[in-house]
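Coordinate analysis (summary)
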Amino acid sequence: MLAAAAMKSGDLVGFTFFIGTMAMFAASVFFYFERQVVSDKWKTSLLISGLITTIAAAHYLYMREYWCSTFNGTNASLASPTEFRYIDWLLTVPLMCVEFYLLLKAAGASVNMLWRLVGYAVLMLVAGYVGEVSAKVGHPIRGFENFGWGVISTIGWAGIVYEIFFGEAKQLADGSSDANVRKAFNLLRGFVLIGWAIYPIGYMTLPGNVLSNSVELASKMNVIYNIGDAVNKIGFGLIVWNLAKRAK
Ligand SMILES: *C/C=C(C)/C=C/C=C(C)/C=C/C1=C(C)CCCC1(C)C
């Protein structure tokens, strides 16, 4: 069933779904193999890196199928694989929170901190999902509604940013005696601040939102999301891998 949808020529978005699938698979293989040779201390972290890209790879197979089978030849298809996208994120973003927890565990990270991060992530994603669906139904205030849910979602993201730039996570990292941990923490939180900002830009291209040109395009948004996923999921994993490689 997965192989049924051929990519039609001119489908640039479908192309990015294909590349995304392969990049996520390749990154997964890399993280699993490298996990064998790093110090025991970071094996769980590398396993999580691999799970993040594997979950994404599986969802990309479905999203690619969905996209390619509904593509109408003009790149103006409205059929965005919203459900697969958000199920993927609902699994992988909490796992990224787990990466922060594992990184700071030796410095004293509490399970409470992990739950706070996961709670913010769930708020961010549930509000984003509702907002994206509201952009599809086509009632007169949908742009307003879509924008409003985007604002609520941003509060969740801001919670995570607060936690790692000012909250408990930051304090723990500052207190860590391991310079490699401090460095990895700084890089990972840079991804959350800058890399994750790619997603709201994609969201704002939805019909009625601020970057929309009022044409019904789901294609721009999906290209932006696909770039965001490649940067953030593989980038996050590589930082954890680099940390694990340096550890004695
Ligand atoms: C691997 C997937 C990741 C790292 C996904 C991250 C997603 C976001 C940071 C999404 C954020 C959003 C907003 C901040 C506002 C608009 C709605 C969202 C869900 C696109």
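See the structure printed just above.
A brief report on the enclosed structure follows. (Residues numbered from 1 in each chain as written. Predicted model: local features only at pLDDT ≥ 70, side-chain atom pairs only at ≥ 80, totals over all residues. Heavy atoms only, no water.)

A closer look at the site of the ligand
In the vicinity of the ligand lie 18 residues, with Trp89, Met124, Ser153, Tyr199 and Lys233 positioned nearest. Compared with its free state, where it exposes 530 Å², the ligand has 99% of that area covered by protein. At a threshold of 2 Å from the grid points, most atoms of the ligand map onto the largest pocket. The element that contributes the greatest number of residues to the shell around the ligand is helix H3 (residues 82-104), accounting for five residues. (Near = heavy atom within 4 Å. Areas by Shrake-Rupley, 256 points an atom, 1.4 Å probe, with all protein chains shown as cover. 1 Å grid on protein atoms, 1.4 Å probe; cavity = no way out; pocket = protein on both sides within 12 Å on 5 of 7 lines; lining within 4 Å. Sits in = over half its atoms within 2 Å of the grid points. Helix = DSSP H or I, 4+ residues; strand = E, 2+ residues; numbered from the N terminus.)

Focus: the packing of H3 against helix H9 (residues 219-246)
As a packed pair, H3 and H9 sit with axes 12 Å apart at the nearest point and diverge in direction by 25°. Here H9 runs roughly parallel to H3, going by the angle between their axes. Between H3 and H9 lies a crossing of left-handed hand. Where H3 abuts H9, its residues Arg85, Tyr86, Asp88, Trp89, Thr92, Met96, Glu99, Phe100 and Leu103 lie against Asn222, Tyr225, Asn226, Asp229, Asn232, Lys233, Phe236, Val240 and Leu243. (Axes fitted to C-alpha atoms, helices over the stretch in contact; angles between N-to-C directions. Parallel < 35°, antiparallel > 145°, perpendicular 65-115°, else oblique. Left-handed = near helix turned anticlockwise from the far one by under 90°. Contact = heavy atoms within 4.5 Å.)

Observations concerning the layout of surface pockets
By volume, the largest pocket is sized at about 400 Å³. The set of elements that each furnish at least two residues to the lining of the largest pocket consists of H3, helix H4 (111-137), helix H5 (142-165), helix H8 (198-203) and H9. A per-element tally of the lining of the largest pocket places H5 first, with six residues. Classifying every residue of the lining of the largest pocket gives 15 nonpolar, six polar and two charged. By volume, the second largest pocket amounts to about 240 Å³. (Points joined across faces, edges and corners; volume = space filled by probe spheres on them. Nonpolar A, V, L, I, M, F, W, Y, C, P; charged D, E, K, R; others polar.)

Some words on the nonpolar core
By size, the foremost hydrophobic cluster in this structure holds 64 residues, and its most contacted members are Phe100, Leu103, Leu104, Ile164, Phe185, Val192 and Trp196. Excluding residues within four positions of it along the chain, leucine 103 makes contact with Trp42, Val181, Ala184, Phe185, Leu188 and Leu243. (Core = buried A, V, L, I, M, F, W, Y, C linked by side-chain atoms within 4.5 Å. Buried < 20%, exposed > 50% of the residue type's maximum accessible area, 1.4 Å probe, protein only.)

Observations concerning the environment of alanine 58
Inspection of the secondary structure puts alanine 58 in helix H2 (residues 43-70). For alanine 58, a relative accessible area of 33% puts it in the partly exposed group. On a C-alpha basis, the gap between alanine 58 and phenylalanine 84 in space is 9.8 Å, while along the polypeptide they are 26 residues apart.

A short note on the side chain of asparagine 226
Turning to its location among the elements, asparagine 226 is positioned in helix H9. At 3.2 Å, the side chain of asparagine 226 and the side chain of tyrosine 60 are in polar contact. Setting aside residues up to four positions removed in sequence, asparagine 226 forms contacts with Val13, Thr16, Phe17, Tyr60 and Arg85. (Polar contact = N/O pair within 3.5 Å; in protein donor to acceptor, adjacent residues only side chain to side chain.)

Some details on the environment of glycine 159
For glycine 159, the position within the fold is in helix H5. According to the relative accessible area criterion, glycine 159 is buried, its value standing at 9%. Counting along the chain gives 39 residues from glycine 159 to tyrosine 120, while the straight-line C-alpha distance between them is 5.9 Å.

Things to note about the packing of helix H1 (residues 12-35) against H2
In the contact formed by H1 and H2, the axes pass within 8 Å of each other and the chain directions differ by 160°. One way to sum up the angle between H1 and H2 is to call them roughly antiparallel. Relative to H2, H1 is oriented so that their crossing is left-handed. Taken together, the residues of the contact of H1 with H2 break down into 18 nonpolar, eight polar and four charged.

Quick word on a nonpolar patch on the surface
Taken together, the side chains of Leu123, Phe147, Val151, Ile152, Ile155, Ile201, Val210 and Leu211 make up a nonpolar region of the molecular surface, amounting to roughly 660 Å² of accessible area. When residues of the nonpolar patch are assigned to their parent elements, the largest contribution, four residues, is made by H5. Following the sequence through the fold, leucine 211 ends up in the loop between H8 and H9. (Patch = residues over 30% accessible without salt bridge, like charges linked within 9 Å, V, L, I, M, F, W, Y side chains within 5 Å. Salt bridge = Lys/Arg side-chain N within 4 Å of Asp/Glu carboxyl O.)

Remarks on the pattern of salt bridges
Going through the model one piece at a time under the given rule, you end up with nine salt bridges. Residue lysine 41 is joined to aspartate 178 by a salt bridge in which the shortest nitrogen-to-oxygen separation is 3.8 Å. Of the two residues, lysine 41 is situated in the loop between H1 and H2 and aspartate 178 in the loop between helix H6 (168-175) and helix H7 (179-193); the sequence distance between them amounts to 137 residues. In this structure lysine 41 comes out as exposed when scored by relative accessible area, which is 52%. Residue classification places aspartate 178 among the partly exposed positions, given a relative accessible area of 23%. Between lysine 170 and aspartate 174 there is a salt bridge; the shortest N-O distance is 2.5 Å. Of this pair, lysine 170 and aspartate 174 are both found in helix H6, four residues apart, which corresponds to roughly one turn of the helix. Salt bridges sharing partners connect three or more residues here, namely Arg85, Asp88, Asp229 and Lys233.

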